[in-house]
Amino acid sequence: MNNFWQRTLTGILFVLLIAGGIFFHPFSFFIVFFIVVTAGITEVKTILSKTSVAIDLLSTLLIAVFLFVSTFLVSSGISKSSIYFILIPIVVFLFVRELFAKNENPINSIASSLFSALYVAAPFALLNILAFYKGVYDFKLPLAIFVLVWINDTGAYLSGVSIGKHKFFERISPKKTWEGTIGGFVLTLIVGYVLSLFWANMSGLQWLVFAGLISISAVLGDLIESLFKRSVGIKDSGFILPGHGGILDRFDAVILAIPMAAFFIEFFNK
């Protein structure tokens, strides 16, 4: 199977899995993003192994998984917010471990472990809050975020391939162009307006601002992930998705888009 068809098939299956998991049931939503969080942490561990920083996979995974799971339980009403206090001994364990790990730079190790857990898990913990924003599970808002990110990526690719000439952040991502970035932004605004016709939870203007914010955040999230990979000299974060790389390669845009979406919904969707 050549690379084009491999990427196409993987891309279709990926979209069906994510969209289907969000749409079908809260439990399928939970399972999909639980896997994303755990796989993402292992990929961060692999990326950092290319540097002098050594993180403890168990501690980092425990913090990330607990952050995601506990937020799901609280958001869905299954548990009280007091469950968050369990995070305290987990984080303490990370610090105490350094007493016995004999790392040359324990501060870097602790900081990198905490950063890794927050970078991967915090966005999907916030996605739980958005999914249960009105107190009951509603697939619309989480699915809208992914649809807008995918549309932005598609629009940027099509515009960049057809008319892209002027480089955009060439130092970090040589293939990105201004034409592609603008094309993705415009197409995302159009789709955002279309979504406003079907989902009346926000006004048309709010949907346009929301879509624009998602587009900008998605581009920045992609650039940040590229910056991390370029700094350690790798092309892909992993190989779990044939033709597409790793989990972080496919979720780099939403890692920044989800928090900005949560910020917008909380403060501007009143």
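See the structure shown above.
Residues numbered from 1 in each chain as written. Predicted model: local features only at pLDDT ≥ 70, side-chain atom pairs only at ≥ 80, totals over all residues. Heavy atoms only, no water.

A word on the overall build of the protein chain
Logical step 1: Summing up its helical and strand segments, the protein chain has nine helices and zero strands in all.
Logical step 2: In sequence order, the secondary structure elements of the protein chain are arranged as α-α-α-α-α-α-α-α-α.
Logical step 3: Rg of the C-alpha trace for the protein chain: 19 Å, near the compact-globule value of 18 Å for 270 residues, within the 12% margin.
Logical step 4: Taken over 270 residues, the protein chain has a buried fraction of 46%.
Logical step 5: Pairs at least 24 apart in sequence give 69% of the contacts found in the protein chain among residues at least 6 apart.
Logical step 6: Of the roughly 14100 Å² that the protein chain leaves accessible, carbon and sulfur atoms contribute 72%.
Logical step 7: Taken as two groups, the 18 positive and 14 negative side-chain charges of the protein chain have centres that lie 2 Å from each other. (Helix = DSSP H or I, 4+ residues; strand = E, 2+ residues; numbered from the N terminus. Rg over C-alpha atoms; globule rule 2.2 N^0.38 Å. Buried < 20%, exposed > 50% of the residue type's maximum accessible area, 1.4 Å probe, protein only. Contact = heavy atoms within 4.5 Å. Areas by Shrake-Rupley, 256 points an atom, 1.4 Å probe, with all protein chains shown as cover. Lys, Arg positive; Asp, Glu negative; His and termini not counted. Charge placed at Lys NZ, Arg CZ, Asp CG, Glu CD.)

Observations concerning the side chain of Thr181
Logical step 1: Within the fold, Thr181 resides in helix α7 (residues 178-198).
Logical step 2: You can call Thr181 buried: its relative accessible area is 17%.
Logical step 3: Within the local environment of Thr181, its side chain forms a polar contact with the backbone oxygen of Thr177, the two atoms lying 2.9 Å apart.
Logical step 4: When neighbours within four sequence positions are excluded, Thr181 is seen to be in contact with Phe168 and Val219. (Polar contact = N/O pair within 3.5 Å; in protein donor to acceptor, adjacent residues only side chain to side chain.)

Observations concerning the pattern of salt bridges
Logical step 1: Within this structure, the stated rule accounts for five salt bridges.
Logical step 2: Residue Lys229 is joined to Asp249 by a salt bridge in which the shortest nitrogen-to-oxygen separation is 2.6 Å. Of this pair, Lys229 sits in helix α8 (residues 204-232) while Asp249 sits in helix α9 (residues 247-268), and the two are 20 residues apart along the sequence. Each member of the pair Lys229 and Asp249 is classed as buried.
Logical step 3: Each member of the salt-bridge network shares a partner with another, and the members are Asp56, Arg97 and Glu98. (Salt bridge = Lys/Arg side-chain N within 4 Å of Asp/Glu carboxyl O.)

Regarding the side chain of Ser196
Logical step 1: Note that Ser196 resides in helix α7.
Logical step 2: Apart from the residues within four sequence positions on either side, Ser196 is in contact with Gly204 and Trp207.

Observations concerning the environment of Thr154
Logical step 1: Within the secondary structure, Thr154 sits in helix α6 (residues 140-163).
Logical step 2: Thr154 gets classed as partly exposed once you look at its relative accessible area, which sits at 39%.
Logical step 3: With 33 residues separating them along the chain, Thr154 and Leu187 place their C-alpha atoms 8.8 Å apart.
Logical step 4: A distance of 2.9 Å separates a polar atom in the side chain of Thr154 from the backbone oxygen of Trp150.

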